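Coordinates in review
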Amino acid sequence: MGILNPHLKFQSQAVAKPYFVFALILFVGQILFGLIMGLQYVVGDFLFPLLPFNVARMVHTNLLIVWLLFGFMGAAYYLIPEEADRELHSPKLAIILFWVFAAAGVLTILGYLFLPYAGLAALTGNEILPTMGREFLEQPTITKAGIVVVALGFLYNIGMTLLKGRKTAISMVMMTGLIGLAVFFLFSFYNPENLVRDKYYWWFVVHLWVEGVWELIMGSMLAFVLIKITGVDREVIEKWLYVIIAMALITGIIGTGHHFFWIGAPEVWLWLGSIFSALEPLPFFAMVLFSLNMVSRRRRQHPNKAASYWAIGTTVTAFFGAGVWGFLHTLAPVNYYTHGSQITAAHGHLAFYGAYAMIVMTMISYAMPRLRGLGEAPDARAQRVEIWGFWLMTLSMVAITLFLTAAGVVQVWLQRIPADGAAMSFMNTADQLAIFFWLRLIAGVVFLIGLVCYLYSFKQRGRVPADITAAVAAA
């Protein structure tokens, strides 16, 4: 097999490139629909009835999930061959699954946009196995089945790669996280008529993804990049990784109880949910210490400074978003007032950006120069543009979080704390929050500018490797 890209240790790693590219395309779509929603918050009839708010929100949240999944899969296809020290089991299967997943995702989004949701349900046979109609899991049953097929093929591909190659802590933690991701998604097919039971199983997907198995995937990706950019001994980084994932699983699994406070579950969840959720910031704080400690002990100055920014920024932003902002409203006596308020939205935005969007961009920032045949790092100008993108996106997301937090505090004060009929109505409260929503919209525009900078940094001079199809055929 001829070497098509001398900067890749294994040529089959090239299959990660289309996953990363498509992930970023979907990311742009997510932000555009977020801006549309932000404007609809303050101009209620914007694009109505062409694009109602509920449809824009459904597309916004579904694009978030799907682009992150593409990012995770691309990261695995890049990371696993290096960790296993062998070529990917089947690059052709990886490309086939890419097109299946991409086609299913695009068709589903088009269905959301151009069909009434009830019509989409009827068209896709939802009455045979009803799974639609739940937040974040709005996908038609046939799309969910396609996701399962893609997940099984993906797990087979990387699983066979690992079985035949070297096993490391990083690869095994990632594999565990990816298997958990696939297993917990199966609960999306169970849609009981009892609303309390439905919420139990719904959270088994939503919570145990983002506060459970996804944290394993995040930790493995972070450890991989830190080994590459710092040169610190693998044994040191892997010990930290074991500690972090143990804390994440112990606190995250039982911490699911903070979603059971008000759904009709037994009172014991008020205690279990509060106590273990209060401990959930610990693994994120450990990640901060982990990244800073590894950078301080670095044995090399990696030329890709932008990737270092993303790696450290991931841990710090995730700690504040998932840890601090999560703790602010996770105790039952506090959550009684804040549940479902704009404080929840503030936590969700910063947590998803810090913990998952940033780690995917970390991996892309590290891997893309090699995938494009440019060596370890892009040129200095491209890195400056990327670092501008890092700061614009991160600071604007912090601003969005602060504006939503302020809106949430005012919302709770006006709408939920007053007693004896003195509480302000929902719509009148929303009018009082308009200034915060305008500021959030402005910050969202700045975020888009930062994303454009991030994408523009890839547009530079340099020899791009042979077409991905040729690389797959050769592998």
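Along each chain, numbering runs from 1 in the same order as the chain's sequence is written. Local features in this predicted model are restricted to residues of pLDDT 70 or higher, and side-chain atom pairs are both shown and tallied only at a pLDDT of 80 or more, whereas totals for entire chains, interfaces and linings draw on every residue. To get the side-chain values, all heavy atoms of the structure are used, and hydrogens and water are removed first.

Looking at the overall build of the chain
Broken down by element type, the chain carries 17 helices and 0 strands. To get the radius of gyration, use the C-alpha atoms; to get the globule rule, take the number of residues to the power 0.38 and multiply by 2.2 Å. Over its C-alpha atoms the chain spans a radius of gyration of 22 Å, differing by no more than 12% from the 23 Å that the globule rule assigns to 475 residues. Its C-alpha atoms give the chain principal-axis dimensions of about 75 × 50 × 45 Å. Here the chain, with 475 residues, has 57% of them falling under the buried criterion. Whether two residues are in contact is decided by their heavy atoms: any pair within 4.5 Å suffices. Restricting to contacts in the chain with at least 6 residues of sequence separation, those with at least 24 account for 81%. Neither His nor the chain ends contribute to the count of charged residues, in which Lys and Arg are positive and Asp and Glu negative. To locate a charge, take NZ of a lysine, CZ of an arginine, CG of an aspartate or CD of a glutamate. Within the chain, one finds 29 positive and 23 negative side-chain charges whose respective centroids are separated by 12 Å. Here a strand is any run of E in DSSP of at least two residues, a helix any run of H or I of at least four, and the numbering for each starts at the N terminus. Using a 1.4 Å probe on the protein chains alone, a residue whose accessible area is under 20% of its type maximum counts as buried, one over 50% counts as exposed, and one in between counts as partly exposed.

Thoughts on the confidence of the model for the chain
Detailed reading of the predicted coordinates is not advisable wherever pLDDT falls low. For the chain, the average pLDDT comes to 93, and 96% of its residues sit at 70 or higher. A residue's pLDDT is the predictor's confidence in that residue, given on a scale from 0 to 100. In the model, residues 461–475 has pLDDT below 50 throughout and makes 31 contacts with residues more than four positions away in sequence or in other chains.

Remarks on the packing of aromatic side chains
Any two of the Phe, Tyr and Trp rings considered here, Trp counted by its six-membered ring, make a pair once their centres fall within 6.5 Å; the pair's planes then place it as stacked at under 30 degrees, edge-to-face at over 60, or tilted in between. Applying the stated rule across the entire model yields 46 aromatic pairs. With 5.9 Å between their ring centres and 85° between their planes, phenylalanine 22 and phenylalanine 98 make a pair best called edge-to-face. Of this pair, phenylalanine 22 sits in helix H1 (residues 16–42) while phenylalanine 98 sits in helix H3 (residues 91–114); the two residues are 76 residues apart in sequence, bridging distant segments of the chain. In terms of burial, phenylalanine 22 and phenylalanine 98 fall into one category: buried. Among the aromatic residues, those joined into a cluster by ring pairs are Tyr19, Phe22, Phe70, Tyr77, Phe98, Trp99, Phe101 and Phe154. By the criterion adopted, a ring carries a charge over it if an Arg CZ or a Lys NZ lies within 6 Å of its centre and within 35 degrees of its normal. The ring of tryptophan 202 is capped by lysine 199, whose NZ or CZ atom sits 4.5 Å from the centre of that ring.

Some words on the nonpolar core
To qualify as a nonpolar core, a set must consist of buried Ala, Val, Leu, Ile, Met, Phe, Trp, Tyr and Cys residues joined through side-chain atoms within 4.5 Å. In terms of nonpolar packing, the biggest core is built from 140 residues, with Phe70, Tyr77, Trp209 and Trp214 touching the most fellow members. Here the element with the most residues in this core is helix H2 (residues 53–84); it accounts for 21 residues. Apart from the residues within four sequence positions on either side, tryptophan 214 is in contact with Leu68, Leu69, Phe72, Leu181, Trp209, Phe352 and Tyr356.

Concerning the layout of surface pockets
Taken as a whole, the second largest pocket spans an internal volume of roughly 250 Å³. Within this scheme a cavity is a closed region of a 1 Å grid, computed over the protein atoms alone, that accommodates a 1.4 Å probe without allowing it to escape, whereas a pocket is open but has protein on both sides within 12 Å along at least five of seven lines; lining residues each have an atom within 4 Å of a point. Around the second largest pocket sit 18 residues that line it, and Ile147, Ala151, Leu178, Leu181 and Ala182 are the ones nearest its centre. At the level of secondary structure, the elements contributing two or more residues to the lining of the second largest pocket comprise H2, helix H5 (141–164) and helix H6 (169–185). When residues of the lining of the second largest pocket are assigned to their parent elements, the largest contribution, 7 residues, is made by H5. Three classes are used, and their members are as follows: Ala, Val, Leu, Ile, Met, Phe, Trp, Tyr, Cys and Pro are nonpolar, Asp, Glu, Lys and Arg are charged, and the others, Gly among them, are polar. Its residues placed into classes, the lining of the second largest pocket shows 18 nonpolar, no polar and no charged. Grid points are joined across faces, edges and corners, and a volume is the space filled by probe spheres set on the points.

Regarding unusual backbone geometry
Between phenylalanine 48 and the following residue, proline 49, the backbone shows a cis peptide bond with an omega angle of 5°. Along the chain, the position of proline 49 falls in the loop between H1 and H2. One non-glycine residue, leucine 47, lies in positive phi territory at about 65°. Counting through the fold element by element, leucine 47 comes out in the loop between H1 and H2. On the basis of relative accessible area, leucine 47 is assigned to the partly exposed category, the value being 31%. Its identity is not glycine, yet phenylalanine 136 carries a phi of approximately 75°, on the positive side.

Comments concerning the pattern of salt bridges
We define a salt bridge as a side-chain nitrogen of Lys or Arg found within 4 Å of a carboxyl oxygen belonging to Asp or Glu. Tallied over the full model, the rule gives 8 salt bridges. Here glutamate 82 and lysine 228 are joined by a salt bridge, their closest N and O atoms 2.7 Å apart. Highlighted residues: glutamate 82 in helix H2 and lysine 228 in helix H7 (residues 195–230), separated in sequence by 146 residues. Residue lysine 228 is classed as partly exposed on the basis of its relative accessible area of 23%.

A few points about the side chain of glutamine 13
Among the structural elements, glutamine 13 can be located in the segment before H1. Excluding anything up to four places from it in sequence, glutamine 13 contacts Leu8, Tyr77, Tyr78, Pro81, Glu82 and Leu371.

Describing H2
Residue pairs spaced three or four apart in an α-helix point in one direction, given the helix's 3.6 residues per turn. Relative to the 46 Å expected for 32 residues at 1.5 Å per residue, H2 spans 46 Å between its end C-alpha atoms, a close match to the ideal helical length. Among the 32 residues in H2, 29 count as buried, and that is most of the element. Count one or two residues on from H2 and you reach aspartate 85, which has phi positive near 60°. Under the convention used throughout, the expected extent of a helix is 1.5 Å for every residue step, that is, one less than its residue count.

As for the side chain of threonine 405
Inspection of the secondary structure assignment puts threonine 405 in helix H14 (residues 380–416). Accessibility expressed as a relative area gives 16% for threonine 405, which makes it buried. The contact partners of threonine 405, leaving out residues within four places of it in the chain, are Trp325, Ile343 and Ala346.

Focus: empty space enclosed by the protein
Empty pockets left among the atoms are what a rolling probe the size of a water molecule brings to light. Per the counting criterion, the structure on display carries 1 cavity of 30 Å³ or more. Approximately 60 Å³ is the volume found for the largest cavity. Lining the largest cavity are 11 residues, with Pro369, Arg372, Pro378, Ser457 and Phe458 sitting closest to its centre. Those elements that place two or more of their residues in the lining of the largest cavity are helix H13 (342–371) and H14. Looking at which element gives the most residues to the lining of the largest cavity, the answer is H13, with 3 residues. A breakdown of the residues in the lining of the largest cavity according to their chemical character gives 6 nonpolar, 3 polar and 2 charged.

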